[in-house]
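An overview of the molecular structure
One letter stands for each residue in the lines below.
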Amino acid sequence: MRKKVIAGNWKMNMLPNEAIDYIQKFSDLVKDTENEVILCVPYTDLFYCLMNAQGTNIKIGAQNMHFAESGAYTGEVSGKMLKSIGVEYVIIGHSERRQYFNETDESVNKKIKAAFENELKPIVCVGESLEQREAGETEKIITTQTRLALEGLSEEQVKNTIIAYEPIWAIGTGKTATSEDANNSIKSIRNEIKRIYGEEVSENVIIQYGGSVKSSNAKELFTTSDIDGGLVGGASLKPDEFSKIVNYNK
Ligand code: 13P
């Protein structure tokens, strides 16, 4: 049985004082869940969140990293730097980074490898645009993104990769994929992993759904056969609302 992993992606929101208030309130609301709870926060909040999440069941992640360990990359942050302060997870290849910051399948693959070299667990995002969906290309796009993202990883590393299926048209739009559609897309990602790495690996990989997840639709999404939790944007900014998503099975 795969466990449910529910991660918040704060994107470019929350100042340190807001982050500290959030964690104080949120930690109490989710302390009894058996689901894994992760907050992926801006770099400037990481240290405050790590300090304040100590002794709670909340894990802290970053939203991006560079693939090099160090060097002349002004403005970038490496996996080694994230690891050095105690970060455990890192989102890689979010569609907003692919769209606005020229991330490619190749850079995503390099970043995932660098994450593992630094003992960080990657949360790798894949998903189709509305245009691709309407052209009937969803399965082709998401299986290709998955294959290229994981290329060259060991079976053990693939098992420890979290994949987030986030259809781009559902992000921040209020439009959610139906649970059936999302589950089918996630099944096709799992099948692609099975084809390449075998059933034992594919049955162990956590694959989340992301895109307008809220407390009112979390249960329907997360109780399907293949959706192993969610990557939540807007609804993770409020501790009350996000705790209801985390506690969807209470
Ligand atoms: P929303 O939940 O705001 O649609 O964002 C989803 C997302 O991009 C999480 O990474």
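So, here is what we can say about the structure in this document. These numbers were taken from a predicted model, which means no experiment stands behind them.

Let us now look at the pairing of strand β8 (residues 229-232). Of the two faces of β8, the one holding Gly 229 and Leu 231 and the one holding Gly 230 and Val 232 are both buried throughout. Examined bridge by bridge, strand β1 (residues 5-9) and β8 share four bridges and lie parallel to one another. Its bridge partner lying in β8, Ala 7 is registered against Leu 231. Pairing of strand β7 (residues 206-210) with β8, which is carried by two bridges, proceeds in the parallel orientation. Within β8, the position partnered with Gly 210 by the bridge is Leu 231.

Around the ligand, 13 residues are found, and the nearest of them are Lys 11, His 94, Gly 172, Ser 212 and Gly 234. At 2.9 Å from an oxygen atom of the ligand is found a main-chain nitrogen or oxygen belonging to Gly 233. Partitioned by chemical class, the residues of the shell around the ligand number four nonpolar, seven polar and two charged.

Quick look at the sheet that holds β7 now. Strands sit in the order β1-β2-β3-β4-β5-β6-β7-β8 around a closed barrel of eight strands; the barrel is parallel. Pairwise comparison of adjacent strand axes, ignoring direction, gives a mean angle of 25° for this sheet.

The contact between helix α7 (residues 138-150) and helix α9 (residues 179-197) brings their axes to 9 Å, and the two run at 45°. Taken together, the axes of α7 and α9 are oblique relative to one another. Taken as a pair, α7 and α9 cross one another with a handedness that is right-handed. Here Thr 138, Glu 139, Ile 142, Thr 143, Thr 146, Arg 147 and Leu 150 of α7 come into contact with α9, specifically with Ser 185, Ser 188, Ile 189, Glu 192, Ile 193, Arg 195, Ile 196 and Tyr 197. Looking at the contact of α7 with α9, its residues break down into six nonpolar, five polar and four charged.

Next up on the list: the pairing of β7. The buried count for β7 comes to five of five residues, which makes it a mostly enclosed element. With burial as the criterion, each face of β7 is covered, one bearing Ile 206, Gln 208 and Gly 210 and the other bearing Ile 207 and Tyr 209. Of the pairings in the sheet, the one linking strand β6 (residues 162-165) to β7 comprises four bridges and is parallel in character. Residue pairing across strands places Ile 163 opposite Ile 207, the latter belonging to β7.

In total, this model carries 20 salt bridges according to the counting rule given. Among the salt bridges present, the one from Lys 3 reaches Glu 36, with a minimum N-O distance of 2.5 Å. Highlighted residues: Lys 3 in the segment before β1 and Glu 36 in strand β2 (residues 36-40), separated in sequence by 33 residues. The exposure class of Lys 3 is partly exposed, given its relative accessible area of 46%. Accessibility expressed as a relative area gives 10% for Glu 36, which makes it buried.

On to the nonpolar core. Core analysis: the largest hydrophobic core is formed by 62 residues, its most contacted members being Leu 39, Ile 60 and Tyr 209. Membership of the second largest hydrophobic core comes to twelve residues, among which are Val 5, Cys 125, Ile 162 and Ala 164.

Reading guide: rules and limits
- Residues numbered from 1 in each chain as written.
- Predicted model: local features only at pLDDT ≥ 70, side-chain atom pairs only at ≥ 80, totals over all residues.
- Heavy atoms only, no water.
- Buried < 20%, exposed > 50% of the residue type's maximum accessible area, 1.4 Å probe, protein only.
- Helix = DSSP H or I, 4+ residues; strand = E, 2+ residues; numbered from the N terminus.
- Pairing = 2+ DSSP bridges.
- Near = heavy atom within 4 Å.
- Polar contact = N/O pair within 3.5 Å; in protein donor to acceptor, adjacent residues only side chain to side chain.
- Nonpolar A, V, L, I, M, F, W, Y, C, P; charged D, E, K, R; others polar.
- Axes fitted to C-alpha atoms, helices over the stretch in contact; angles between N-to-C directions.
- Parallel < 35°, antiparallel > 145°, perpendicular 65-115°, else oblique.
- Left-handed = near helix turned anticlockwise from the far one by under 90°.
- Contact = heavy atoms within 4.5 Å.
- Salt bridge = Lys/Arg side-chain N within 4 Å of Asp/Glu carboxyl O.
- Core = buried A, V, L, I, M, F, W, Y, C linked by side-chain atoms within 4.5 Å.

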